[in-house]
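Now for the letters of each chain:
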Amino acid sequence: MSGASAMRTIGELIERNARFYPGKEALVCGGRRLSWSELALRARRLASGLHRLGAQRQDRVAILAMNCPEYMELLAAGDWAGYIVATVNFRLAPPEIEWLLNDCTPRVLVFEAQYASVVDGLRAKLPHITAYVCIGGPAPEWAREFEAVVAGGDAEGPPFRSQPDDYGPLVYTSGTTGRPKGVLVSHANVTRLFSSTQPWFQFNRNDVWTMFHSYAFDFSVWELWGA
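Residues numbered from 1 in each chain as written. Predicted model: local features only at pLDDT ≥ 70, side-chain atom pairs only at ≥ 80, totals over all residues. Heavy atoms only, no water.

Engineer: Before we go on, may I ask you to explain the pattern of salt bridges in this structure?
Structural biologist: Any two side chains of opposite charge can pair, given that their charged atoms come close. On inspection of all chains with the given rule, the structure shows eleven salt bridges. Between Glu147 and Arg42 there is a salt bridge; the shortest N-O distance is 2.7 Å. Placement of Glu147 in helix 6 (residues 146-151) and of Arg42 in helix 2 (residues 36-52) is noted, with a sequence separation of 105 residues between them. Since its relative accessible area comes to 37%, Glu147 is described here as partly exposed. A residue is classified by how much of its surface remains accessible, and Arg42, at 15% relative accessible area, is buried. Through salt bridges that share partners, Arg32, Arg42, Glu70, Glu73 and Glu147 make up one connected network. (Salt bridge = Lys/Arg side-chain N within 4 Å of Asp/Glu carboxyl O. Helix = DSSP H or I, 4+ residues; strand = E, 2+ residues; numbered from the N terminus. Buried < 20%, exposed > 50% of the residue type's maximum accessible area, 1.4 Å probe, protein only.)

Engineer: Even after reading the chapter, I still don't get the pairing of strand 4 (residues 84-88), so can you show me in this structure?
Structural biologist: Regular strands place side chains that alternate from one sheet face to the opposite one. Buried residues dominate strand 4, accounting for five of its five residues. With burial as the criterion, each face of strand 4 is covered, one bearing Ile84, Ala86 and Val88 and the other bearing Val85 and Thr87. When strand 3 (residues 60-64) meets strand 4, the two strands line up parallel, connected through five bridges. Paired with Val61 across the two strands is Val85, which belongs to strand 4. (Pairing = 2+ DSSP bridges.)

Engineer: Would you mind going over the side chain of Gln58 with me for this structure?
Structural biologist: Positionally, Gln58 belongs in the loop between helix 2 and strand 3. A distance of 3.0 Å separates the side chain of Gln58 from the backbone nitrogen of Tyr167, its partner in a polar contact. If we ignore the near neighbours within four places in the chain, the residues touching Gln58 are Gly82, Tyr83, Ile84, Asp166 and Tyr167. (Polar contact = N/O pair within 3.5 Å; in protein donor to acceptor, adjacent residues only side chain to side chain. Contact = heavy atoms within 4.5 Å.)

Engineer: Would you take a moment to explain the nonpolar core for this structure?
Structural biologist: As a rule of thumb, nonpolar side chains are buried together in soluble globular proteins. Core analysis: the biggest nonpolar cluster contains 40 residues, and Leu46, Leu50, Ile63, Leu74, Tyr83, Val108 and Val110 have the highest contact counts within it. Residue assignment for this core shows that the elements contributing at least two residues are helix 1 (10-20), strand 1 (25-29), helix 2, strand 3, helix 3 (69-81), strand 5 (108-112), strand 6 (131-135) and helix 6. Counting residues per element, this core draws most heavily on helix 3, at eight residues. In terms of nonpolar packing, the next biggest core, distinct from the first, is built from 23 residues, Phe111, Tyr132, Trp142 and Tyr172 among them. (Core = buried A, V, L, I, M, F, W, Y, C linked by side-chain atoms within 4.5 Å.)

Laid out in structure tokens, this is it:
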């Protein structure tokens, strides 16, 4: 499978980019830069580390964070292994976060250290969450540090991969006319979108994306689809 058109999942495209463009920058955030090979390795290790915390393919893994490299790494790990990464808007009030997390019922919650007190106040109301992972700063006693989860994962990834009919990230609508609604799209849907629109947009391997909001990571791999 050498051509991007043969890719069936976003995880396969991540591995393709790492194979053909190992030294090309995949992610730039502040002073941190990751190449495609580095991102693929961290995604596999993170996916394995989450599996060791109990996550299985198509389990939900939620994230409460602002823009940061770890956000993209979690999306990449989800796309590689088949986890459904549920994104939580950091602007939500605690009761709204509680409702959303009870709606998507994640097994694992990844959160930035700045939200530790908010998450701690909600833990008793979130019995379905069996593991907490903290990004940045010392993790509270009830959570694991993000880097420790990555370091503890296998470089080959967990014993499963995402499949074309698997769901990708779970993004919630704004809820302007009621409660937010989770929107799911399959890997096959996304890869078909890439295949049909990349020639029209004519992205190439030298383009740079400024990313924010839904499907930020998946569209970052779009530029190399036809390379």
